[in-house]
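# Examining the three-dimensional arrangement
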Amino acid sequence: MTIPLLLSIVLHLGIVVVLFAGFKFAPSIPEAMEVQLDAPINEELEPNEVEPVEKIVEAATTDKAKVLERAEEIRAERKRQEDELKALEQRAAEAKKRREAEQQRQRELEKQQKLERERLAKEKERALREQKEAEKKAAAAEERRRKEEEAAKKAEAERKRLEEQRKREEEERKRKEAEAKAKAERERQLQEELERERQQRAAARNRQVQSELKKYEGLIRQTIQRQLITDPSMRGKECRVNIRLASSGFVISVNVLNGDPSVCQAAQNAVLKAGTLPVSDDPEVFAKLKDINLTVQPEF
């Protein structure tokens, strides 16, 4: 039992004892004393008879005052007891409130202690989990470090192997580059030689083609001149025409480009009259003759 509860029980027992004692031992208020005189006061009395009556009245008056005084004392005592009872009840109520407050505080304290125990238990559990997790992480870190060391050793060995391989490959590359460079130089020299020969052949061929072209251009002009009908008004005049030929020399078309109209008309008629113009069997020369521009100038 708690101290506030014991105090409350003792206080209530004291209140009950005081109430019981007050009601049991409080004197009752006596009835007011009444004095009756059988003989009328106005009757004549003997001198020796008047003194006892006065004494009786004086005694009755004195007893009534005492009774009233005692009654007042009793009322004061009852009021004091009632005040004490009220004070006891108030203290009992306050003690009850304090006891209830103490009980509430105890409950709150027990609740807080329970919560604190639960919190500590959770903290302990969390700490154990964190410790296990830390140990697990440490083990994982150690395993990772070991693997990293092994990987680093393998990587170093691989680096050395690759470095040696790179050196061998570099030497091989340089050797191949030297061989390729020498081969390229030989090929360049050969190409230059071939290009010089080709250019020489091309130049010779071009001279041959140009010679053939000039030859057949002269033959075409001679053929046109043989068919050209002239008159003195055409002297010193000329016409430029375009002639398209088939591979056989057959005239496909003749078109005037510019020049004297009379000379152009005569030249156009001469070409059409000839019908076939001399052409080379050489394809390269014919390629330059099949679509040719010529200047026709009458000869006198």
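Check the entry above for the structure.
Residues numbered from 1 in each chain as written. Predicted model: local features only at pLDDT ≥ 70, side-chain atom pairs only at ≥ 80, totals over all residues. Heavy atoms only, no water.

### Digging into the overall build of the protein
So the rule is basically this: Here a strand is any run of E in DSSP of at least two residues, a helix any run of H or I of at least four, and the numbering for each starts at the N terminus. For every residue, the accessible area obtained with a 1.4 Å probe (protein chains only) is divided by the maximum for its type, and the residue is called buried under 20%, exposed over 50%, and partly exposed between those limits. Contacts: residue pairs with any heavy atoms within 4.5 Å of one another. Computed with the Shrake-Rupley method and a 1.4 Å probe, the accessible areas treat only the protein chains shown as cover for residues.
When helices and strands are tallied, the protein shows four helices and three strands. Taking all 300 residues of the protein together, 16% fall into the buried category. A fraction of 75% describes how many contacts in the protein between residues 6 or more apart in sequence connect residues 24 or more apart. Total accessible area on the protein is roughly 23,400 Å²; 54% of this is exposed by carbon and sulfur atoms.

### Some thoughts on helix α3 (residues 261-274)
We apply this condition: The span one expects for a helix is its residue count, reduced by one, times 1.5 Å. Arc definition: it is the arc formed by the directions from the helix axis to the C-beta atoms.
An ideal rise of 1.5 Å per residue puts 20 Å on 14 residues; α3 measures up with 20 Å between its terminal C-alpha atoms. Three or more residues of α3 are buried, namely Val263, Cys264, Ala266, Ala267, Ala270 and Val271. All buried residues of α3 fall inside an arc of 165° around its axis, so they share one side. The exposed set on the far side of α3, more than 90 degrees from its buried face, consists of Pro261, Leu272 and Lys273.

### Some words on the pairing of strand β1 (residues 239-245)
Just so we agree on the cut-off: For two strands to count as paired, DSSP must find a minimum of two bridges between them.
Most of β1 sits inside the fold, with five of its seven residues counted as buried. Of the strand pairs in this sheet, β1 and strand β2 (residues 251-259) are connected by seven bridges, and their pairing is antiparallel. Bridged to Cys239 within β2 is Gly259. Connecting the antiparallel pair β1 and β2 is a turn made up of five residues, with Gly249 showing a positive phi of about 95°. Sheet topology places β1 next to strand β3 (residues 291-296); six bridges connect them, and they run antiparallel. In the strand pairing of β3, Cys239 is matched with Val296.

### Re the side chain of Asp260
Short version of the rule: The definition of a polar contact used here is a pair of N or O atoms within 3.5 Å, where within protein one atom must be able to donate a hydrogen and the other to accept one, and adjacent residues in sequence count solely through side-chain atom pairs.
As for its placement among the helices and strands, Asp260 is situated in the loop between β2 and α3. Its relative accessible area of 17% is what places Asp260 among the buried residues. Here Ser262 takes part through its side chain, which lies 2.3 Å from a polar atom of the side chain of Asp260. Leave out the neighbours within four places in its chain, and Asp260 touches Lys237, Glu238 and Cys239.

### Topic: the environment of Cys239
Locating Cys239 in the fold gives a position in strand β1. Relative accessible area serves as the criterion here: at 1%, Cys239 is assigned to the buried category. Along the sequence, Cys239 and Val296 sit 57 residues apart, while their C-alpha atoms lie 5.3 Å from each other. Setting aside chain neighbours within four positions, we find Cys239 in contact with Val256, Asn258, Gly259, Asp260, Val263, Cys264, Leu294, Thr295 and Val296.

### A word on the pattern of salt bridges
Pairs can form between side chains of opposite charge whenever their charged atoms are close. Selection rule: When a carboxyl oxygen of Asp or Glu lies within 4 Å of a side-chain nitrogen of Lys or Arg, that pair is called a salt bridge.
Per the counting criterion, the structure on display carries 30 salt bridges. Glu149 is the salt-bridge partner of Arg145, the closest N and O atoms lying 2.3 Å from each other. Placement of the pair is Arg145 and Glu149 together in helix α2 (residues 47-227), with a separation of four residues, close to one helical turn. Since its relative accessible area comes to 39%, Glu149 is described here as partly exposed. We note a salt bridge from Arg173 to Glu170, for which the minimum N-O separation is 2.2 Å. In this pair, Arg173 and Glu170 both sit in helix α2, three residues apart, roughly one turn of the helix. Since its relative accessible area comes to 36%, Arg173 is described here as partly exposed. Shared partners join several salt bridges into a network, and the residues in it are Glu172, Arg175, Lys176 and Glu179.

### A look at the side chain of Glu217
Operational definition: Positive: Lys, Arg. Negative: Asp, Glu. His and the chain ends are not part of the count.
Mapped onto the elements of the fold, Glu217 is located in helix α2. Despite its burial, Glu217 pairs with no opposite charge, the nearest such side chain being Arg221 at 4.1 Å. For Glu217, the residues in contact, after removing those within four places along its chain, are Leu289, Ile292 and Leu294.

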